[in-house]
Amino acid sequence: MDSKLGLTLRRNRGNPWVRELTREVRVSVEQLIQPLFVVEGIPARESIPGLTGVFRETPETLLQQIEKDLEVGVTKFLLFGVPKNKGLSNFDPSFVASQIQAAKKRFGKKIFLAVDVCLCSSTAHGQCGVLSDSGDHVMNPETVSELVKAAVAYARAGADCVAPSDMMDGRIGAIRRALDEESAKHPSLKQTLILSYSAKFHSKFYGPFRVAADSAPKTIAGMSEPLKDRATYQIDPGRPSDAYLSSVRDQEEGADILMVKPGMPYLDVLADLSKRIPLPWAVYEVSGEYAAIELMAEKGLIQRNAAHLEAWTAFIRAGAEIIITYGAREARKIIQENQQS
Ligand code: PBG
């Protein structure tokens, strides 16, 4: 009986055609979002350690890169802007807004442009918000009003979607209300999507990103008790119930799409939440998990392309509709390769 069951199962694995026919989970380029970094004041684009094929772009190379991405079937992007001037409060969203404007002027409806909304690339200390004088606390209301200002500026510049990644309380509702109010003057803002990083954990897998976004927390002069990490606002890895609570809250406050981040170490959370909350789910394959595959491949320890596809397949299997991955621009090639194997 046992061996008969085993043989029956192996028949469906016997050749590429039957494997293709019986596969339940597929990945397509349409589901993927490519992150882009644009940095103010650098003379040429720079590569990012660990993230092969991803760059800190200048405003000029950003547009060239999008052009190339369109040629390989990538149409959806998540933009991170890194302004030159860092401060403590009263941040100026105009550098990022002008990049959005330029991209939309050139590519219009050919691209879907989501824009990350956070302060960590603008603050002198790298924290995601406005700090108290002693530096020991990120102040929630002061931070939310800066995030609202940035989100409205990005939406007005033409972003299709704003994606707050800061983890302050109440920011989704505040941004939604502001977009609604502004839509009286600018009707297109009624259509601006909010993609909430609703289940964002306090992870060590963000390392390569913080180099790219110039956003690692650092101690600056004049603060007596500077925060060293993001533990007071990002979700504790051992506290998945908070991921549920903040996702329900963000849904109620007006988010259109929810997200789990990182991906692979939090697949259980993605599988659970995507069953419990019927909004569309995105997952962010973050820099550290992406770089882990890259570095193993460099050492000859893993088949790079197949490993990337396996990770993406796991995300779809766990319930994501959308994957944010640094490898989106290689996905068409990677998926085709797999079809022939
Ligand atoms: C932050 C933000 C982070 C990422 C996207 N937006 C990380 C952080 O908390 O430092 C991480 C993305 C990645 O690691 O690829 N505001």
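Up top is the structure.
Residues numbered from 1 in each chain as written. Predicted model: local features only at pLDDT ≥ 70, side-chain atom pairs only at ≥ 80, totals over all residues. Heavy atoms only, no water.

A.B. asks: So what exactly am I meant to see when it comes to the side chain of S165 here?
C.D. replies: Relative to the helices and strands, S165 is located in the loop between β6 (161-164) and α6 (171-182). Setting aside chain neighbours within four positions, we find S165 in contact with D116, V117, C118, R171, Y197 and K200. (Helix = DSSP H or I, 4+ residues; strand = E, 2+ residues; numbered from the N terminus. Contact = heavy atoms within 4.5 Å.)

A.B. asks: Mind showing me how you'd approach the site of the ligand here?
C.D. replies: Lining the immediate surroundings of the ligand are 18 residues, of which R210, Q234, K261, S287 and Y326 lie closest. One nitrogen or oxygen atom from the side chain of K200 is found 3.1 Å from an oxygen atom belonging to the ligand. Coverage of the ligand by the protein chains reaches 100% of its 400 Å² of free accessible surface. Looking at the shell around the ligand, its residues break down into 10 nonpolar, three polar and five charged. (Near = heavy atom within 4 Å. Polar contact = N/O pair within 3.5 Å; in protein donor to acceptor, adjacent residues only side chain to side chain. Areas by Shrake-Rupley, 256 points an atom, 1.4 Å probe, with all protein chains shown as cover. Nonpolar A, V, L, I, M, F, W, Y, C, P; charged D, E, K, R; others polar.)

A.B. asks: Quick question: what am I supposed to make of helix α12 (residues 328-339) here?
C.D. replies: Here α12 is 12 residues long and its end C-alpha atoms lie 17 Å apart, about the 16 Å a rise of 1.5 Å per residue gives. Turning to α12, its buried residues number three or more, namely A328, R329, E330, A331, I334 and I335. The inward-facing, buried residues of α12 contact β1 (32-39), α3 (59-71), α10 (287-298) and α11 (304-317). (Expected span 1.5 Å × (residues − 1). Buried < 20%, exposed > 50% of the residue type's maximum accessible area, 1.4 Å probe, protein only.)

A.B. asks: Any chance you could explain the packing of aromatic side chains here in plain terms?
C.D. replies: Within a pair of aromatic rings, the relevant descriptors are the distance that separates the centres and the angle that separates the planes. Tallied over the full model, the rule gives eight aromatic pairs. When the centroid spacing of 5.3 Å and the interplanar angle of 25 degrees are considered together, the rings of F37 and F80 count as stacked. Here F80 lies in strand β4 (residues 76-82) and F37 lies in strand β1, a separation of 43 residues in the sequence. For F37, a relative accessible area of 0% gives the class buried. Accessibility expressed as a relative area gives 5% for F80, which makes it buried. Taking 6.2 Å as the distance between ring centres and 40 degrees as the angle between the ring planes, the aromatic pair formed by Y197 and Y284 counts as tilted. Pair noted here: Y197 is in strand β7 (residues 193-200) and Y284 is in strand β9 (residues 281-284), with a separation of 87 residues, a long-range link. On the basis of relative accessible area, Y284 is assigned to the buried category, the value being 1%. (Phe/Tyr/Trp six-rings, centres within 6.5 Å; stacked < 30°, edge-to-face > 60°.)

A.B. asks: Just to check I follow, could you spell out the pattern of salt bridges for this structure?
C.D. replies: Pairing between side chains of opposite charge can happen when the charged atoms of each approach one another. Here the structure, examined in full by the defined rule, presents 20 salt bridges. Residues D69 and R329 are paired through a salt bridge, measuring 2.8 Å at the closest nitrogen-oxygen approach. Taken together, the residues span a long stretch of sequence, with D69 in helix α3 and R329 in helix α12 at a distance of 260 residues. Among the residues examined, D69 registers a relative accessible area of 1% and is labelled buried. By relative accessible area, which is 14% here, R329 ends up buried. Note that R276 is salt-bridged to D272, the shortest N-O span being 3.0 Å. You can see R276 and its partner D272 sitting in helix α9 (residues 267-276), four residues apart, about one turn around the helix. The exposure class assigned to D272 is partly exposed, which follows from its relative accessible area of 35%. (Salt bridge = Lys/Arg side-chain N within 4 Å of Asp/Glu carboxyl O.)

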